[in-house]
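Breakdown of the fold
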2 protein chains.
Amino acid sequence: MRTKLLTAALALAALGGASLEALAQAKPDVLVKQRQAAMTLQAKYLGPIGAMIKGTVPYNADIVSRNATYLEALSQMPWDGFHPSTQSEKSKAKPSIYTDGPKVQAAIDSFQAATAKLGAAARAKDEAGVRAAFGAVAKGCGGCHDAYREK
Amino acid sequence: MRTKLLTAALALAALGGASLEALAQAKPDVLVKQRQAAMTLQAKYLGPIGAMIKGTVPYNADIVSRNATYLEALSQMPWDGFHPSTQSEKSKAKPSIYTDGPKVQAAIDSFQAATAKLGAAARAKDEAGVRAAFGAVAKGCGGCHDAYREK
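Residues numbered from 1 in each chain as written. Chains lettered and ligands numbered in written order. Predicted model: local features only at pLDDT ≥ 70, side-chain atom pairs only at ≥ 80, totals over all residues. Heavy atoms only, no water.

1. Let's talk about helix H4 (residues 61-74) of chain A
Residues and elements named next belong to chain A. Put simply, the rule reads: Counting from the N terminus, the helices are DSSP H or I runs at least four residues long and the strands are E runs at least two residues long. What a helix should span is 1.5 Å times the count of its residues minus one. Only protein chains enter the accessibility calculation, which uses a 1.4 Å probe. A residue is then buried if its area is under 20% of the maximum for its type, exposed if over 50%, and partly exposed in between. Whenever a nitrogen or oxygen atom comes within 3.5 Å of another N or O atom, the pair is scored as a polar contact, on the condition that within protein one atom can donate a hydrogen and the other can accept it, and that pairs from neighbouring residues in sequence are kept only if both atoms are in side chains.
Taking 1.5 Å per residue as the helical rise, H4 with its 14 residues ought to reach 20 Å, and the 20 Å between its terminal C-alpha atoms agrees with that figure. Most of H4 is tucked away: 12 of the 14 residues are buried. Taken together, the buried positions of H4 are Ile63, Val64, Ser65, Arg66, Asn67, Ala68, Thr69, Tyr70, Leu71, Glu72, Ala73 and Leu74. For H4, the side-chain oxygen to backbone nitrogen distance between the N-cap and Asp62 is 3.0 Å, and the N-cap itself is Asn60.

2. Section: the packing of helix H3 (residues 28-54) of chain A against helix H3 (residues 28-54) of chain B
The cut-off we apply is this: Axes here mean lines fitted to C-alpha atoms, for a helix over just the part in contact, with angles spanning 0 to 180 degrees between N-to-C directions. Under this scheme an angle from 65 to 115 degrees is roughly perpendicular, one under 35 degrees roughly parallel, and one over 145 degrees roughly antiparallel; angles in between are oblique. Handedness of a helix crossing follows the sense of rotation of the near helix relative to the far helix, less than a right angle counterclockwise being left-handed and clockwise being right-handed. Any two residues having at least one pair of non-hydrogen atoms within 4.5 Å are treated as being in contact. Polarity classes work like this: nonpolar for Ala, Val, Leu, Ile, Met, Phe, Trp, Tyr, Cys and Pro, charged for Asp, Glu, Lys and Arg, and polar for all others, with Gly in that last group.
One can describe the packing of H3 of chain A onto H3 of chain B by two numbers: an axis separation of 8 Å at closest approach and a directional angle of 130°. In terms of orientation, H3 of chain A lies oblique with respect to H3 of chain B. Considering only the axes of H3 of chain A and H3 of chain B, their crossing is left-handed. Residues Lys33, Gln34, Ala37, Ala38, Thr40, Leu41 and Lys44 of chain A of H3 of chain A touch H3 of chain B, and the partners they reach there are Lys33, Gln34, Ala37, Ala38, Thr40, Leu41 and Lys44 of chain B. A class-by-class count of the residues in the contact of H3 of chain A with H3 of chain B yields 6 nonpolar, 4 polar and 4 charged.

3. Let's talk about the side chain of Lys44 of chain B
Examined against the element boundaries, Lys44 of chain B turns out to sit in helix H3. Of the polar contacts made by the side chain of Lys44 of chain B, one reaches the side chain of Asp80 of chain A; its length is 2.7 Å. Leave out the neighbours within four places in its chain, and Lys44 of chain B touches Gln34, Met77 and Asp80 of chain A together with Asn67 of chain B.

4. Describing the pattern of salt bridges
Under the convention used in this document: Just to be clear on terms, a salt bridge is a Lys or Arg side-chain nitrogen sitting within 4 Å of an Asp or Glu carboxyl oxygen.
For the coordinates displayed, the defined rule picks out 10 salt bridges over all chains. The partner of Glu72 of chain A in a salt bridge is Arg123 of chain A, and the shortest N-O contact between them spans 2.9 Å. Pair noted here: Glu72 of chain A is in helix H4 and Arg123 of chain A is in helix H5 (residues 101-123), with a separation of 51 residues, a long-range link. One salt bridge in this structure joins Glu127 of chain B and Arg131 of chain B, with 2.9 Å as the shortest N-O distance. Taken together, the residues span about one helical turn, with Glu127 of chain B and Arg131 of chain B both in helix H6 (residues 127-148) at a distance of 4 residues. Under the relative-accessibility criterion, Arg131 of chain B is labelled partly exposed at 37%.

5. Here's the deal with the packing of aromatic side chains
Residues and elements named next belong to chain A. We count it as follows: The rule is short: rings of Phe, Tyr and Trp, with Trp giving its six-membered ring, pair when the centres are within 6.5 Å, and they are stacked under 30 degrees, edge-to-face over 60, tilted in between.
A complete count under the given rule lists 6 aromatic pairs over all chains for this structure. Seen from their ring centres, Trp79 and Phe82 are 6.4 Å apart, and the 20° between their planes marks the pair as stacked. The exposure class of Trp79 is buried, given its relative accessible area of 19%. What links up through ring pairs into an aromatic cluster is the set Trp79, Phe82 and Phe111.

6. A short note on the environment of Gln87 of chain A
All names here are of chain A. If you trace the backbone, Gln87 turns up in the loop between H4 and H5. Classification of Gln87 as partly exposed rests on a relative accessible area of 47%. C-alpha of Gln87 to C-alpha of Ile97: the two residues are 10 residues apart in sequence and 9.3 Å apart in space.

7. Some points on the packing of H3 of chain B against helix H4 (residues 61-74) of chain B
All names here are of chain B. Closest axis-to-axis distance for the H3/H4 pair is 9 Å, and the angle between their directions is 145°. Crossing geometry of H3 relative to H4 is assigned as left-handed. Facing Leu41, Gln42, Lys44, Tyr45, Leu46, Pro48, Ile49 and Met52 of H3, the residues of H4 in contact are Ile63, Val64, Arg66, Asn67, Ala68, Tyr70, Leu71 and Leu74. The residue makeup of the contact of H3 with H4, split by class, is 12 nonpolar, 2 polar and 2 charged.

8. Re H5 of chain A
Residue and element names in this part refer to chain A. Relative to the 33 Å expected for 23 residues at 1.5 Å per residue, H5 spans 33 Å between its end C-alpha atoms, a close match to the ideal helical length. Residues of H5 that are buried: Val104, Ile108, Phe111, Gln112, Ala114, Thr115, Leu118, Gly119, Ala121, Ala122 and Arg123. Just past H5, the residue Lys125 takes up positive phi, approximately 55°.

Okay, here's the thing in structure tokens:
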């Protein structure tokens, strides 16, 4: 069900946001607030997994499973907030995020694929799989931030 | 899988946050930011469903299904942010949210049950069920805000 839903969400996103745009009456400042909220929550749920992998806190498979599942949902949420109408809003987004369409989409796709892999390993309580999948998720965050977020 | 996970998350929450607290090194201002982020995203995904139910925008069962599923996940996310350490942080939370433990938990439980019902109807593409379930979700938001959020 979950995968089916995520697939449906991706399909919607692939429509170029046309159907979403019809709904999106949200003002630019609200869109920025919403996308930043999604990033804040991604950090909330990824952070503890990172700490467990580093060994700063004990590994807890239940928390990893919960957090990775939340992260998988959250990985769908920020992107429609980078609407062209937000270009002049105050934020750390570099102007190139609005012009690098296909590159940005590829980065999103790869991040979402990485979180899906992490989520599957986490729900299977496969600690080795979680450790293996974590790097790609963290790299997804970092790569996009390096490219599209001001320091 | 999803329900099992949500159940597991609720079970964790029912531990009184003991296992989460061991992890929660987050500072009070971060906890406030995180809980506000979850509220912001709940509004992002509930708003369009409300608009469709009111008839302001056309009903779209795919978007309702996606949004309600996100909302179900998001309904799990704000509450650990109301940690006692955040009591003196600037926010609209009334002091009573930190002292009304059982009443707050009952409100959370009922809100989560309402979002689960909405999510199930939405995924079944049951528009009548969505319309029937929506009221309890909106009432959950409003009831808690009336009781525990400053105007």
